[in-house]
Amino acid sequence: MKIAFAGKGGAGKTSMAAWLGDHLARRGESVWLVDADTALSLGQASGLDPSALPAPLAEREDIIRSHIGQGYMSLNPDVSHLPETLSVELPLGGPALPGVQPGQKRLLVMGAIGGEGGCACAANALLKAVLAHLILDRREWVLVDMEAGVEHLGRGTVADVDALVVVSEPSLRALSTASEISRLARGLGLSRQMLALNRCDAQEAPPAHLDLPKHMLRVPMLKGLKQRQLSTGSVLGLPEEALVSALCDELLICLCGHSNAPSLLQNAGVAVPAAHQSP
Ligand SMILES: Nc1ncnc2c1ncn2[C@@H]1O[C@H](COP(=O)(O)OP(=O)(O)O)[C@@H](O)[C@H]1O
Ligand SMILES: [Mg+2]
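The model shown is predicted, which means the values in this text are computed figures rather than measured ones. (Residues numbered from 1 in each chain as written. Chains lettered and ligands numbered in written order. Predicted model: local features only at pLDDT ≥ 70, side-chain atom pairs only at ≥ 80, totals over all residues. Heavy atoms only, no water.)

Caption draft 1: A look at the overall build of the protein. Tallying secondary structure elements over the protein gives nine helices and eight strands in all. By the burial criterion, 51% of the 279 residues in the protein qualify as buried. When contacts within the protein are restricted to residue pairs at least 6 apart in sequence, long-range pairs at least 24 apart make up 70% of them. Accessible surface, the protein as shown: approximately 12,500 Å² in total, 51% of it carbon and sulfur. (Helix = DSSP H or I, 4+ residues; strand = E, 2+ residues; numbered from the N terminus. Buried < 20%, exposed > 50% of the residue type's maximum accessible area, 1.4 Å probe, protein only. Contact = heavy atoms within 4.5 Å. Areas by Shrake-Rupley, 256 points an atom, 1.4 Å probe, with all protein chains shown as cover.)

And the structure:
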């Protein structure tokens, strides 16, 4: 299952990807957190010391050349060993569920792929191959923290995405960007979407004229995170842990229904409402 997080800068994409990754790992699932934003903050948000960040894939010219080649590109490289080579293990933000063996949580950093530079095309091809391997061959969870804005939606990072979380603040400008992202993603065939309205009050609702995903997750302002964010980059282990966990469950039920995550949802003791079950 591959879920991407998109939205304006500062909306909360990285925080939500870090929360969901930790939630899944502590419930026994193996998760790949993919930082596709050049701001490189997913590692820190997940509790990793910045000095331990892995080198971005886009900068590993040696690996790109040896797998994709120059001139004639190999379109079907063997990348089965690459995820481990390129990634680092992320610490869990808290204990696993009782009786559950925690899953692996690893960080892959993409770097500036598709910008200037000679091997952007090869880097993109390799990135696609690595992600396809994780999703199709290993059937593991892949959570992609995307670069802000809409122009990255067509890249390899969103190829084969099963579901999209459009993260937005409750403001007209942010929600207009969110609706643009949602529309573009639908145009790419990505119809399984959810709007995460971040830092919102219980009463706030998006204006009806905007074309937004029909399922909405309300994420309140978390005081515990606000209070400590000048001293740490991590968004895990918050006093609002139970709330974050309930939000992650809601998101999973809405986006995955029962078919892609039956064991996970049973482990978590979550009943899946029929309305949210995938076709
Ligand atoms: N619900 C929330 N409550 C309080 N602070 C939040 C919340 N969501 C995100 N933040 C904070 O807002 C800032 C931006 O969030 P981030 O996840 O980095 O956004 P993005 O990845 O979309 O740029 C971070 O400092 C994060 O800790
Ligand atoms: Mg971010």
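After presenting the structure, the write-up continues.
Caption draft 2: Broad picture of the site of ligand 1. Around ligand 1 lies a shell of 16 residues, among which Gly 10, Lys 13, Thr 14, Ser 15 and Arg 199 are the nearest. Contact distances for ligand 1 include 2.7 Å between an oxygen atom and a side-chain N or O atom of Lys 13. Between ligand 1 and the protein, one listed contact pairs a nitrogen atom with a side-chain N or O atom of Asn 198 at 2.8 Å. Considered on its own, ligand 1 offers 560 Å² of accessible surface; in the complex 82% of this is hidden by protein. At a threshold of 2 Å from the grid points, most atoms of ligand 1 map onto the largest pocket. Ranked by residues supplied to the shell around ligand 1, first place goes to helix 1 (residues 13-25) with three residues. Classifying every residue of the shell around ligand 1 by side-chain character gives six nonpolar, seven polar and three charged. (Near = heavy atom within 4 Å. Polar contact = N/O pair within 3.5 Å; in protein donor to acceptor, adjacent residues only side chain to side chain. 1 Å grid on protein atoms, 1.4 Å probe; cavity = no way out; pocket = protein on both sides within 12 Å on 5 of 7 lines; lining within 4 Å. Sits in = over half its atoms within 2 Å of the grid points. Nonpolar A, V, L, I, M, F, W, Y, C, P; charged D, E, K, R; others polar.)

Caption draft 3: A look at the sheet that holds strand 2 (residues 31-36). Strand order in this open sheet of eight strands is 3-4-2-5-1-6-7-8, and the pairing throughout is mixed. Each having just a single partner strand, strand 3 (88-89) and strand 8 (216-219) make up the two edges of the open sheet. Pairing between strand 3 and strand 4 (residues 105-109): two bridges, direction antiparallel. Bridge pairing in strand 4 links Val 88 to Leu 107. Where helix 1 meets the sheet, it contacts strand 1 (2-7), strand 2, strand 4, strand 5 (141-146), strand 6 (163-168), strand 7 (193-198) and strand 8, and its direction lies at approximately 165° from that of strand 5. The strands that helix 6 (residues 172-187) touches are strand 1, strand 6 and strand 7; relative to strand 6, the one it contacts most, it runs at about 165°. (Pairing = 2+ DSSP bridges. Axes fitted to C-alpha atoms, helices over the stretch in contact; angles between N-to-C directions.)

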